[in-house]
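Summary of the model geometry
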Amino acid sequence: MAETHGKPVPVPTRETLPFWEGCRRGELMIQRCGECRHFQFFPRLYCSRCMSERVEWVRASGGAEVSSFTIVRRPVSAAFAADTPYVVALVRLDEGPTMMTNIVGCSPESVRIGMAVEAVFERLTDEISLPQFRPRSG
Amino acid sequence: MPDLSATQLYVKAAKLALADAGLGKHDVDGLITCVSWAEPYLYHAEMIAEYMRIFPRYCITAPAGGGTTLTMLHHAASAIATGMCETILITMADSQVSGLSRDKAIEAMATAGHPQFERPYGPPIPAFYALIAQAHQHAYGTTDEQRAAVAVACRKHASMNPAAQMRKPIAIADVLNSRPISDPLHLLDCSLVSDGGASIVMTAAERARDFPKRPVYLLGAGEGHSHEHLSQALSLTTSAAKESGERAYAMADLGPQDIDVAELYDCFTPVVIIELEDLGFCPKGEGGRFVENGRIELGGALPVNTHGGLLSHCHPGHPGSMFAITEAVRQLRGACGVRQVADARVALVHGQGGFMSSHGTAIFGNEMV
Ligand SMILES: [Zn+2]
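Let us look at the structure shown here. (Residues numbered from 1 in each chain as written. Chains lettered and ligands numbered in written order. Predicted model: local features only at pLDDT ≥ 70, side-chain atom pairs only at ≥ 80, totals over all residues. Heavy atoms only, no water.)

1. Looking at the interface of chain A and chain B
- Taken residue by residue, the interface counts 35 residues in chain A and 30 residues in chain B.
- Of the roughly 2,900 Å² buried where chain A meets chain B, counting both sides, 65% is carbon and sulfur surface.
- In terms of surface lost to chain B, no three residues of chain A exceed A:Phe42, A:Arg74 and A:Met100, which account for 26% of the buried area on that side.
- Taken together, the connections running from chain A to chain B amount to one salt bridge.
- Its salt-bridge partner being B:Asp183, residue A:Arg73 comes within 2.8 Å of it at the nearest N-O pair.
- Going through the elements one at a time, helix 1 (17–25), strand 6 (63–72), strand 7 (86–93), strand 8 (98–102) and strand 10 (129–135) of chain A are the ones with two or more residues in the side of chain A that touches chain B.
- Among the residues forming the side of chain A that touches chain B, the class breakdown is 24 nonpolar, eight polar and three charged. (Contact = heavy atoms within 4.5 Å. Buried area = accessible area lost by both parts, 1.4 Å probe. Salt bridge = Lys/Arg side-chain N within 4 Å of Asp/Glu carboxyl O. Helix = DSSP H or I, 4+ residues; strand = E, 2+ residues; numbered from the N terminus. Nonpolar A, V, L, I, M, F, W, Y, C, P; charged D, E, K, R; others polar.)

Shown next, in the form of structure tokens:
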């Protein structure tokens, strides 16, 4: 894992590169099984439901719902001190899979379980943009 | 414990356990250790064997702690039952205060989570458990006060244990007023950073019969493993402690109603509440109410973590569950003095590791049932 200003920056692998290439374009990419239509994230060599290797990358809607969250009061490292307090959350994508993320674009105190959110992308480096979520507009 | 290095803690604990069992080092033909952060070795168990100058025919290093300690206990029993070896020494220790600086230990813990899909969001270890606590609170109405009651019970028990690191009794308000760490968890909802080590000796029941001290019997053991990364967990509020417990109860032919004392993994207070539910001591969602009114304190319906737990006794990292096992053994021998659970005959020990990822349960009795 590389670092920028001390924050961890993801290093794509062969398996995850299409995800990070999507993030750079502002698209949230997940896998869908060509046999059983199951959606999955993290990326895998084959479908975690039926083991078919016919998994294809598809663009997720970017919509999600907060399944849990915490306001971090004591940062994980000095690199996150300026952001503190910040929200770490688990969100369930409209397609089904769950992701860890930050909730941004609102006060930490206003975040609720069940809140509707949408993906936004924070550019960390030329290669890597990090998907985060903000309250869904409209 | 700055007077002993991590390796010295492993071998000191091993010597004490062998003396307690009335055995010499050459009676040991199996050895299990856990990896050490302070003094790592590629072949850790072999290094401890070399240090002690013993030559086991079964020798394994556990790669982690928490539930893995119970996994190792389960495997040790299997190794003895299948004749791979006769007498296994399990010794675990680490030196997280003196061997690593406190900042270094916290930094080491910052490497938790998936490097691409979790760590970039900056979750410290308490945040993972805070996500679990928040989900449980949302689903079942669990409160700050109920989580605090877990910390209060552990501290009360630690106050009766001269070996405990934190012995000054606390009240629910002390937990709620302690520094917010990661909502809804406060500082006193979180376990300690410690030096420490513990060892046990396991052998077949027939062989233990003529030992100088009364043996304690492993009546049942079980495991459940559900995920590594929290964001891949199928549920935040129900864990594989359920399967782990069911498997241990089935082997022991006992149920939660038969347990006199429970030593449950308490890296953070909400974990105990979920374990009480998943291990069948109360229905799902009732764990918060279960811990109220001193029910898990000595004198209550189910005394939990009678040594003080990871919250107040000590938490040197990987060895954490070992102190739960040694406490269960002491309780079943009636050797706990002021913190003795009256007429304790059956004890349950549960460990979990990762983020409710890897679970192990053991049920011990002071008689073979
Ligand atoms: Zn499939």
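That was the structure; now back to the text.
2. Thoughts on the packing of helix 3 (residues 67–81) of chain B against helix 13 (residues 320–333) of chain B
Residue and element names in this part refer to chain B.
- Where helix 3 meets helix 13, the closest approach of the two axes is 7 Å, and the angle between their N-to-C directions is 55°. Between helix 3 and helix 13, the angle falls in the class oblique. Crossing of helix 3 over helix 13 shows right-handed handedness. Taken together, the residues of helix 13 that come into contact with helix 3 (itself represented by Thr69, Leu70 and Leu73) are Ser321, Met322 and Ile325.
- Across the contact of helix 3 with helix 13, the residue classes break down as four nonpolar, two polar and no charged. (Axes fitted to C-alpha atoms, helices over the stretch in contact; angles between N-to-C directions. Parallel < 35°, antiparallel > 145°, perpendicular 65-115°, else oblique. Left-handed = near helix turned anticlockwise from the far one by under 90°.)

3. Notes on the packing of aromatic side chains
- The final tally for this structure, using the stated rule, is 11 aromatic pairs over all chains.
- Plain terms: the ring middles of A:Phe19 and A:Trp20 are 4.9 Å apart, the flat faces sit at 85° to each other, and that makes the pair edge-to-face.
- With a relative accessible area of 2%, A:Trp20 lands in the buried category.
- Measuring from centroid to centroid gives 5.1 Å for A:Phe19 and A:Phe41, while their planes differ by 40°, and the two rings are tilted. Here the residue A:Phe19 occupies a position in helix 1, and A:Phe41 occupies one in the loop between strand 4 (39–40) and strand 5 (55–59), the gap between them amounting to 22 residues. In this structure, A:Phe19 and A:Phe41 share a single accessibility class: buried.
- Aromatic rings pair up to connect A:Phe19, A:Trp20, A:Phe41, A:Phe42 and B:Phe117 into one cluster.
- We note B:Arg295 situated over the ring of B:Phe290; from NZ or CZ to the ring centre the distance is 5.8 Å. (Phe/Tyr/Trp six-rings, centres within 6.5 Å; stacked < 30°, edge-to-face > 60°. Buried < 20%, exposed > 50% of the residue type's maximum accessible area, 1.4 Å probe, protein only. Lys NZ or Arg CZ within 6 Å of the ring centre and 35° of its normal.)

4. Comments concerning the side chain of B:His136
- Following the sequence through the fold, B:His136 ends up in helix 5 (residues 125–140).
- Setting aside anything within four residues of it in sequence, one finds B:His136 in contact with B:Gly141, B:Thr142, B:Thr237, B:Ile273, B:Ile274, B:Glu277 and B:Gly285.

5. A few points about the pattern of salt bridges
- Per the stated rule, a full pass over the model turns up 22 salt bridges over all chains.
- Here B:Lys156 makes a salt bridge to B:Glu297, at a shortest N to O gap of 3.0 Å. Of this pair, B:Lys156 sits in helix 6 (residues 144–158) while B:Glu297 sits in the loop between helix 11 (287–290) and helix 12 (309–313); the two residues are 141 residues apart in sequence, bridging distant segments of the chain.
- Taken together, the shared-partner salt bridges in this structure form one network comprising A:Arg25, A:Glu27 and A:Arg59.

6. What about the state of the cysteines?
- Under the definition given, this model contains zero disulfides over all chains.
- Counting only cysteine sulfurs, B:Cys154 is the nearest neighbor of B:Cys282, a cysteine outside any disulfide, at a range of 16 Å. (Disulfide = S-S within 2.5 Å.)

7. Observations regarding the coordination of the zinc ion
Residue and element names in this part refer to chain A.
- Surrounding the zinc ion are the protein donor atoms Cys33 (SG), Cys36 (SG), Cys47 (SG) and Cys50 (SG), which sit 2.3 to 2.4 Å from the metal.
- For the zinc ion, the four donor atoms in the first shell make angles of 101 to 117° at the metal, so the coordination geometry reads as tetrahedral.
- For the zinc ion, the single-chain donor residues occur in sequence as C-x2-C-x10-C-x2-C. Highlighted residues: Cys33 in strand 3 (residues 29–33) and Cys50 in the loop between strand 4 and strand 5, separated in sequence by 17 residues.
- Given the relative accessible area of 1%, Cys33 is considered buried.
- Overall, the relative accessible area of 36% leaves Cys50 in the partly exposed class. (Donors = N, O, S within 2.8 Å, 3.2 Å for Na, K, Ca; no water. Tetrahedral: all angles 85-135°; square planar, octahedral: opposite > 155°, others 65-115°.)

8. Focus: the pairing of strand 10 (residues 358–365) of chain B
Residues and elements named next belong to chain B.
- Of all eight residues making up strand 10, eight are buried, and the element is well covered by its neighbours.
- Burial along strand 10 is two-sided: Ser358, Gly360, Ala362 and Phe364 facing one way and His359, Thr361, Ile363 and Gly365 facing the other are all buried.
- Note that strand 9 (residues 346–353) and strand 10 share eight bridges and pair antiparallel. Paired with Leu348 across the two strands is Ile363, which belongs to strand 10.
- Connecting strand 9 to the antiparallel partner strand 10 that follows it, the hairpin turn spans four residues, and Gly354 within it adopts a positive phi of roughly 75°. (Pairing = 2+ DSSP bridges.)

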